[in-house]
Amino acid sequence: MHDDWERERFERLMLPHLDAAYSLARWLAKNDGLAEDAVQEAYLRAWRFFGSLRGDDARPWLLRIVRNACYELRQREHLPGPAEDFDEQRHDAEMLAAGAVITLPVNPEAAVIARAESDLVRQCLGALPRDYHEVLVLREIEGCSYKEIADIVGTPIGTVMSRLSRARRLLQGLIAERVRPRETGT
Amino acid sequence: MKCTEVNRLLNPYIDGELDLQNVLAVEAHLQECPRCNAAIAGIQTMRTAISRACEPAKAPLRLREAVQAQFAGTAAPRQATSLSLGVCLAAAPGIAALLIVGWLALAQPWNAQSNAGTAQGTRIVYHLAGGNHVKANLRTLKNHLDAEPNLQVVVVAHSDGINFLLQGAKDTEGQPYIGALRELRARGVEFRVCTNTLTRQQIDTRAVVPEAVLVPSGIAEISRLQKREGYTYLRL
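What counts, and where the lines are drawn
Residues numbered from 1 in each chain as written. Chains lettered and ligands numbered in written order. Predicted model: local features only at pLDDT ≥ 70, side-chain atom pairs only at ≥ 80, totals over all residues. Heavy atoms only, no water. Helix = DSSP H or I, 4+ residues; strand = E, 2+ residues; numbered from the N terminus. Buried < 20%, exposed > 50% of the residue type's maximum accessible area, 1.4 Å probe, protein only. Contact = heavy atoms within 4.5 Å. Areas by Shrake-Rupley, 256 points an atom, 1.4 Å probe, with all protein chains shown as cover. Core = buried A, V, L, I, M, F, W, Y, C linked by side-chain atoms within 4.5 Å. Salt bridge = Lys/Arg side-chain N within 4 Å of Asp/Glu carboxyl O. Buried area = accessible area lost by both parts, 1.4 Å probe. Polar contact = N/O pair within 3.5 Å; in protein donor to acceptor, adjacent residues only side chain to side chain. Nonpolar A, V, L, I, M, F, W, Y, C, P; charged D, E, K, R; others polar. Phe/Tyr/Trp six-rings, centres within 6.5 Å; stacked < 30°, edge-to-face > 60°. Lys NZ or Arg CZ within 6 Å of the ring centre and 35° of its normal. Pairing = 2+ DSSP bridges. Axes fitted to C-alpha atoms, helices over the stretch in contact; angles between N-to-C directions. pLDDT = per-residue confidence, 0-100. Parallel < 35°, antiparallel > 145°, perpendicular 65-115°, else oblique. Left-handed = near helix turned anticlockwise from the far one by under 90°. Right-handed = clockwise from strand over helix to strand, strands pointing away.

**Q** How would you sum up the overall build of chain B? Please name residues and give values.
**A** Along chain B, the regular secondary structure elements total 10 helices and five strands. By residue count, 52% of the 236 residues in chain B fall in the buried class. A sequence separation of at least 24 residues applies to 72% of the contacts in chain B between residues at least 6 apart. Accessible surface, chain B: about 11,200 Å² in total, of which carbon and sulfur atoms supply 50%.

Written out as structure tokens, the structure is:
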């Protein structure tokens with residue numbers, strides 16, 4: 001049962017994270033209007049399930065709800081792409097097959113990536129498969145710790161570590177792939 | 001420590017997630033391994049590129065207002081509401097959680113702090129986002145009107161919630177919705193459709209039935225009705 005005290009606590013713990021919630025939602029929903037809807041849904045759900053929040057670690061708890069709301073809304077809107085279920089094993093196999101690209105010596109990649117324009121970086125980040133995209137957004141943009149990411153995504157910390165590592169390699173490969181043809185004019 | 005082993009630890013090392021023993025081992029290795037140093041430089045360059053390209057967004061003011069409005073006056077209900085929500089709760093357990101919030105909001109007229117709309121009939125904004133159970137939802141609306149004839153109702157639809165307001169829309173049994181819609185319109189219920197949803201789903205505005213009107217954003221409209229016009233929020 002919620003009372004005034006509970007509502008005051010909810011506002012004190014949850015409203016400071018509204019920017020983080022919206023920022024994450026924009027990346028995961030990939031649409032500003034949908035992101036706003038997702039954040040509103042998430043706050044409604046957070047209020048409903050507020051009793052299940054343990055301690056005061058509200059941010060990852062809220063972001064987990066935001067994440068799930070984003071994916072549900074995308075599904076409801078029949079939007080295709082990375083929000084669909086992602087087959088990690090199949091993708092790992094594909095990545096291994098693409099090993100020639102992603103295990104290129106890192107040094108030249110660094111130089112190429114340093115020249116990548118911001119639009120291109122955003123496009124490539126948005127093009128990553130869902131499981132990799134979300135850990136990278138949570139780590140690099142939202143500044144979450146591995147433990148927080150594990151809580152938000154619902155996986156063990158070891159999985160967060162390996163996904164993050166793959167996500168970075170994959171993004172490096174994607175950016176390098178797209179920067180080079182532009183520079184060579186092909 | 002070998003390169004393959006260090007490689008596995010580079011990401012947690014960069015992210016400050018490694019324990020002291022492993023940090024020392026990685027740093028000892030980095031002293032003498034140009035290849036692993038280059039790998040770190042690659043990751044760091046990309047992190048810099050991401051932070052340059054992707055600044056965290058700030059929530060727009062309308063969203064902040066809408067979220068705050070959701071919780072304004074949602075204190076614990078003093079007594080049970082007479083509104084029958086059983087149909088929806090039974091039919092759509094997935095949105096039951098949201099309905100509870102709507103139910104809490106509905107309790108607002110009994111709270112001392114609430115005075116909106118009581119003299120001229122309670123004002124309710126129904127939020128409709130899903131395309132399932134539309135028939136049950138319309139029946140709920142009708143029951144609500146039967147129970148409170150002075151009720152002023154606005155239905156704001158977005159996402160799949162707009163589907164029954166499109167020309168030629170039919171229920172799962174093939175019956176057109178238009179009859180029920182006109183009946184509710186005749187009783188003063190207003191239907192408002194989110195233009196953002198139409199744009200997103202590439203639906204022509206002319207496909208919307210003339211019984212409904214368009215608003216730029218469904219969510220903003222709900223927020224405006226609550227904040228500016230004293231409507232009580234209820235989720236369908």
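**Q** Describe the nonpolar core, with residues and values.
**A** Core analysis: the largest hydrophobic core is formed by 72 residues, its most contacted members being Met14, Val39, Tyr43, Leu125, Leu171 and Ile175 of chain A together with Ile50 of chain B. With 10 residues, helix α4 (residues 58-76) of chain A is the largest single contributor of residues to this core. Ignoring any residue separated from it by four or fewer positions in sequence, one finds Val39 of chain A in contact with Leu18, Ala21, Tyr22 and Ala25 of chain A together with Leu63 and Val67 of chain B. Counting residues in hydrophobic clusters, the runner-up holds 28 residues, among them Leu151, Phe164, Tyr177 and Ala212 of chain B.

**Q** Could you give an account of the pattern of salt bridges, with specific residues and numbers?
**A** A complete count under the given rule lists 29 salt bridges over all chains for this structure. The residue Glu140 of chain A makes a salt bridge to Arg168 of chain A at a minimum N-O spacing of 2.7 Å. Of this pair, Glu140 of chain A sits in helix α9 (residues 130-141) while Arg168 of chain A sits in helix α11 (residues 157-184), and the two are 28 residues apart along the sequence. A single network of salt bridges, built from pairs that share partners, joins Arg139, Glu140 and Arg168 of chain A together with Asp15 and Arg47 of chain B.

**Q** If you had to explain the interface of chain B and chain A to someone new, which residues and values would you point to?
**A** Taken together, the contact pairs 50 residues of chain B with 55 residues of chain A. Buried area between chain B and chain A, both sides added, is near 4,900 Å², and the carbon and sulfur share of it is 60%. For the chain B face of the interface with chain A, the top three residues by lost area are Met46, Phe71 and Arg200 of chain B, together amounting to 14%. Counting across the chain B and chain A interface gives seven salt bridges. For the salt bridge of Glu36 of chain A with Arg62 of chain B, the shortest nitrogen-to-oxygen distance reads 2.5 Å. Summed over the shared surface of chain B and chain A, the number is 17 residue pairs in polar contact (both at pLDDT 80 or more). Mapped by element, the contributors of at least two residues to the side of chain B that touches chain A are α1 (3-14), α3 (34-53), α4 (61-71), α6 (96-106) and β5 (232-235) of chain B. Take the side of chain B that touches chain A: its biggest share by element is 12 residues, from α3 of chain B. Partitioned by chemical class, the residues of the side of chain B that touches chain A number 29 nonpolar, 11 polar and 10 charged.

**Q** An account of the packing of aromatic side chains is requested, with residue identities and associated values reported.
**A** Residues and elements named next belong to chain A. Scanning all chains against the criterion turns up six aromatic pairs over all chains. Following the ring pairs from residue to residue traces out a cluster consisting of Phe10, Tyr43, Trp47, Phe50 and Trp61. For the cation-ring pair, Arg48 lies above Phe49, with the distance from its terminal atom to the ring centre recorded as 5.4 Å. The ring of Tyr71 is capped by Arg130, whose NZ or CZ atom sits 4.0 Å from the centre of that ring.

**Q** Please provide a residue-by-residue account of the sheet that holds strand β4 (residues 212-215) of chain B, values included.
**A** Residues and elements named next belong to chain B. Sheet architecture is open: five strands sit in the order β4-β3-β2-β1-β5, paired in parallel fashion. Of all strands in the sheet, those with a lone pairing partner are β4 and β5, marking the two edges. Taking the axes of each pair of neighbouring strands and ignoring which way they run, one obtains an average angle of 30° across the sheet. The sheet contact formed by strand β2 (residues 152-157) and strand β3 (residues 190-194) spans four bridges and is parallel. The residue bridging Val156 from the neighbouring strand is Arg192, located in β3. Of the strands in this sheet, β1 (123-128), β2, β3, β4 and β5 touch helix α10 (residues 218-229), which is tilted by about 165° from β1.

**Q** Quick rundown of the confidence of the model for chain A? Include the residues and the values.
**A** Detailed reading of the predicted coordinates is not advisable wherever pLDDT falls low. Averaged over chain A, the pLDDT score is 81; the fraction of residues at 70 or greater is 78%. Across residues 82-89 of chain A the pLDDT falls below 50, and counting only partners more than four positions away or on other chains, this stretch makes 18 contacts in the model.

**Q** Any chance you could break down the packing of α1 of chain B against helix α2 (residues 20-32) of chain B for me, citing the residues and the numbers?
**A** Residue and element names in this part refer to chain B. At their nearest, the axes of α1 and α2 sit 10 Å apart, and the two run at 120° to each other. Looking at the two axes, α1 sits oblique to α2. Every pair of crossing elements has a handedness; the one defined by α1 and α2 is left-handed. Counting all contacts with α1, which are made through Cys3, Val6, Leu9, Leu10 and Tyr13, the residues of α2 involved are Asn22, Val23, Val26, Glu27, His29 and Leu30. Looking at the contact of α1 with α2 residue by residue, the classes come out as eight nonpolar, two polar and one charged.

**Q** Please set out unusual backbone geometry residue by residue, giving values where relevant.
**A** Residue and element names in this part refer to chain A. Unlike most non-glycine residues, Lys30 shows phi in positive territory, near 60°. Positionally, Lys30 belongs in the loop between α2 (18-29) and α3 (32-48). By relative accessible area, Lys30 is classed as partly exposed at 33%.

**Q** Run through the pairing of β4 of chain B, naming residues and quoting values.
**A** All names here are of chain B. Bridge count between β3 and β4: four bridges; the pairing is parallel. Bridging from a neighbouring strand, Phe191 pairs with Ala212 of β4. With respect to chirality, the unit in which β3 leads through helix α9 (residues 195-200) into the neighbouring parallel β4 is right-handed.

**Q** Give a description of the packing of α2 of chain A against α4 of chain A that names residues and reports values.
**A** All names here are of chain A. At a closest axis distance of 9 Å, the pairing of α2 and α4 adopts a crossing angle of 30°. Here α2 lies roughly parallel to α4, going by the angle between them. The handedness of the crossing between α2 and α4 is right-handed. Between α2, through Ala20, Ala21, Leu24, Ala25, Leu28 and Ala29, and α4, the contact on the second element is made entirely by Arg59, Leu62, Leu63, Val66, Arg67, Cys70, Tyr71 and Arg74. Its residues assigned to classes, the contact of α2 with α4 shows 11 nonpolar, no polar and three charged.

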